[in-house]
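Chain residues, written in single-letter form:
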Amino acid sequence: MPRLELVTGDITTERVDAIVNAANSGLLGGGGVDGAIHRAGGPAILEECRALRATTLPDGLPTGEAVATGAGRLSAKWVIHAVGPVWPGLGRLADERRALLRSAYRRSLEVARDLGAASVAFPAISAGIYGWPADDAAVVALTTSAEAEQAPERVRFVLFSARMHDTFADAAERLGLDVVVLGDRDPR
Ligand code: APR
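Residues numbered from 1 in each chain as written. Predicted model: local features only at pLDDT ≥ 70, side-chain atom pairs only at ≥ 80, totals over all residues. Heavy atoms only, no water.

On to the sheet that holds strand 6 (residues 154-159), then. With mixed pairing, seven strands are arranged side by side in an open sheet as 3-4-2-5-6-1-7. Sheet topology places strand 3 (66-70) and strand 7 (179-181) at the edges, where each strand pairs with a single neighbour. Strand-to-strand twist across the sheet, computed as the mean angle between neighbouring axes with direction ignored, equals 25°. In this sheet, strand 4 (residues 78-83) lies alongside strand 2 (residues 18-23) in parallel orientation, the contact comprising six bridges. The partner of alanine 22 across the bridge, within strand 4, is alanine 82. (Pairing = 2+ DSSP bridges. Helix = DSSP H or I, 4+ residues; strand = E, 2+ residues; numbered from the N terminus. Axes fitted to C-alpha atoms, helices over the stretch in contact; angles between N-to-C directions.)

This is the structure we're talking about:
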């Protein structure tokens, strides 16, 4: 099991080997953390995404999948673009889509591991513009990472607000998972 870490902050400044982007299938940028990563990382990331669309991913990246590019000006070596599902509202569809959210985490961890990353940072995938309820997003993020067989040694959740941080911390406690809470400025 990887070491799980929680911190409040802006993921673009994290000093880890790989940063996960909550992208969309088009891979050509967006708002939220996607916009922040492209802004901070510079045009090299978008160029690589365009190249992927022109070659191996002409129809875009399916929901639940992940693909890596370089990280441009970010201190990370790689950005792993993962596509989470849109929250469908409570009901039968929620279970199907939850499997896709699990897959987005699992595939990102596999890609990170295949790259040789020792550490990876995740935002709360789907819990922003895609509307996933924060508590459920935290449970999926934590359990999928804790159960992952293919993962870097360290998995860090970088939460943009104190509220989301508390949601993750509460979920970890309820689930009986050991997580290391880092200060706002972790020297790594
Ligand atoms: N660092 C860390 N977390 C961030 C940052 C940041 N710089 N900016 C936003 N967040 C947080 C949000 O507060 C939210 O908790 O990341 C979480 C995910 O939110 P979104 O970025 O909106 O991602 P998502 O809900 O998965 O929606 C994806 O948004 O912009 C588009 O292209 C993206 O279409 C895709 C959709």
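What follows is about the site of the ligand. Lining the immediate environment of the ligand, one finds 23 residues, of which Asn24, Gly31, Val33, Asp34 and Ile129 sit closest. Here a nitrogen atom of the ligand sits 2.9 Å away from a polar atom, N or O, in the side chain of aspartate 10. At a separation of 2.7 Å, an oxygen atom of the ligand approaches a polar backbone atom of isoleucine 129. Contact with the protein chains covers 90% of the free accessible surface of the ligand, which is 700 Å². Mapped onto the shell around the ligand, the elements with two or more residues apiece are strand 2 and helix 1 (32-41). With four residues, helix 1 is the largest single contributor of residues to the shell around the ligand. Here the residues of the shell around the ligand are counted per class, giving 13 nonpolar, eight polar and two charged. (Near = heavy atom within 4 Å. Polar contact = N/O pair within 3.5 Å; in protein donor to acceptor, adjacent residues only side chain to side chain. Areas by Shrake-Rupley, 256 points an atom, 1.4 Å probe, with all protein chains shown as cover. Nonpolar A, V, L, I, M, F, W, Y, C, P; charged D, E, K, R; others polar.)

With the exception of glycine, most residues fall at negative phi, and the peptide bonds are largely trans. Its identity is not glycine, yet leucine 27 carries a phi of approximately 65°, on the positive side. Take leucine 27: it is sitting in the loop between strand 2 and helix 1. Relative accessible area serves as the criterion here: at 2%, leucine 27 is assigned to the buried category. For serine 126, which is not a glycine, the phi torsion comes out positive at approximately 70°. Mapped onto the elements of the fold, serine 126 is located in the loop between strand 5 (119-122) and helix 4 (134-147). (Buried < 20%, exposed > 50% of the residue type's maximum accessible area, 1.4 Å probe, protein only.)

In total, this model carries five aromatic pairs according to the counting rule given. An angle of 45° between the planes, with centres 4.9 Å apart, marks the rings of tyrosine 105 and phenylalanine 122 as tilted. With tyrosine 105 in helix 3 (residues 92-115) and phenylalanine 122 in strand 5, this residue pair connects regions lying 17 residues apart in the sequence. Comparing tyrosine 105 with phenylalanine 122 shows no difference in burial state: the two are buried. (Phe/Tyr/Trp six-rings, centres within 6.5 Å; stacked < 30°, edge-to-face > 60°.)

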